[in-house]
Amino acid sequence: MSAKQESSVWQGFKAFLMRGNVVDLAVAVVIGAAFTNIVNSVVKGIINPLVGAIGTQNLDNYSTCLSPSCKGTHGIQLMWGSVLGATLTFVITATVVYFLMVLPMSRYLARQETRKKERLGTQEVIEVTELEVLKEIRDALVAQRGSGHDER
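**Considerations on the overall build of the chain**
Then, number 1: Within the chain, the regular secondary structure consists of three helices and two strands.
Then, number 2: A total of 152 residues make up the chain; the buried ones form 7% of that total.
Then, number 3: A sequence separation of at least 24 residues applies to 32% of the contacts in the chain between residues at least 6 apart.
Then, number 4: A total of about 12,700 Å² of accessible surface is found on the chain, and carbon and sulfur atoms cover 64% of it.

Quick look at the structure:
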């Protein structure tokens, strides 16, 4: 590869890395990884004990045997408890994320958008009022010129 091609490849790579969406994605991954610890702590420390008070905290041991005998690793077992546990963990995690992050953030953004629209609405009223005043001044000047020409 020539030095010119190598330079253009390097420039292209730098342009790729400097694009906003790549940086935003990297930040999202890092924040997501950090937030995972918070969500896992809430689920393991609060939600799972509450669910455990009703039933069991570990569903991995629940299974159904499809073969005549299931002892140890012999036989065909459907591990439906694991699937149910993973599904419940997902639903609980999604619920925690929604109510602790998504809902408050969407409410905050809606308030910000409302404030922005209110400011723009006020600005439009001011601009319209200024425009009306300027039109009135123009009309008054035209009327004065018109009346001044009639007096001669």
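On we go.
**Describing a positive patch on the surface**
Then, number 1: A grouping of R107, R111, R115, K116 and R119 is seen on the molecular surface, where their side chains present a positively charged patch.
Then, number 2: Mapping R111 onto the fold places it in helix α3 (residues 80–151).

**Some thoughts on the pattern of salt bridges**
Then, number 1: In this structure the tally under the stated criterion is one salt bridge.
Then, number 2: With its nearest N and O atoms 3.2 Å apart, the salt bridge here joins D139 to R138.
Then, number 3: Looking at D139, the relative accessible area reads 42%, which means it is partly exposed.
Then, number 4: Residue class for R138 comes out partly exposed when judged on its relative accessible area of 47%.

**Side note on the environment of L84**
Then, number 1: With respect to the secondary-structure elements, L84 resides in helix α3.
Then, number 2: A sequence separation of 22 residues divides L84 from Y62, and the C-alpha atoms of the two residues are 9.4 Å apart.

**Quick notes on the environment of W80**
Then, number 1: Relative to the helices and strands, W80 resides in helix α3.
Then, number 2: Take W80: its relative accessible area is 42%, and that puts it in the partly exposed class.
Then, number 3: Taking the C-alpha atoms as reference points, W80 and T64, 16 residues apart in sequence, are found 7.4 Å from one another.
Then, number 4: What W80 contacts, discounting residues up to four positions off in sequence, is Y62, S63 and T64.
Then, number 5: Polar side-chain contacts of W80 include one of 3.0 Å to the side chain of T64.

**Considerations on a nonpolar patch on the surface**
Then, number 1: The grouping of Y62, L66, I76, L78, W80, L84 and L88 at the surface amounts to a nonpolar patch, some 670 Å² of accessible area in total.
Then, number 2: Of all the elements, α3 adds the most residues to the nonpolar patch, at three residues.
Then, number 3: Tracing the sequence through the fold places I76 in the loop between β1 (64–65) and β2 (77–78).

**Comments concerning the packing of aromatic side chains**
Then, number 1: The full count for this structure, using the stated rule, is two aromatic pairs.
Then, number 2: Judged by centre distance (6.0 Å) and plane angle (35 degrees), the rings of W10 and F13 are tilted. One end of the pair is W10 and the other is F13, both in helix α1 (residues 3–18) and three residues apart, which spans about a single turn.
Then, number 3: Geometrically, the ring pair formed by Y98 and F99 is edge-to-face, given 5.1 Å between the ring centres and 85 degrees between the ring planes.

Criteria and thresholds
- Residues numbered from 1 in each chain as written.
- Predicted model: local features only at pLDDT ≥ 70, side-chain atom pairs only at ≥ 80, totals over all residues.
- Heavy atoms only, no water.
- Helix = DSSP H or I, 4+ residues; strand = E, 2+ residues; numbered from the N terminus.
- Buried < 20%, exposed > 50% of the residue type's maximum accessible area, 1.4 Å probe, protein only.
- Contact = heavy atoms within 4.5 Å.
- Areas by Shrake-Rupley, 256 points an atom, 1.4 Å probe, with all protein chains shown as cover.
- Patch = residues over 30% accessible without salt bridge, like charges linked within 9 Å, V, L, I, M, F, W, Y side chains within 5 Å.
- Salt bridge = Lys/Arg side-chain N within 4 Å of Asp/Glu carboxyl O.
- Lys, Arg positive; Asp, Glu negative; His and termini not counted.
- Charge placed at Lys NZ, Arg CZ, Asp CG, Glu CD.
- Polar contact = N/O pair within 3.5 Å; in protein donor to acceptor, adjacent residues only side chain to side chain.
- Phe/Tyr/Trp six-rings, centres within 6.5 Å; stacked < 30°, edge-to-face > 60°.

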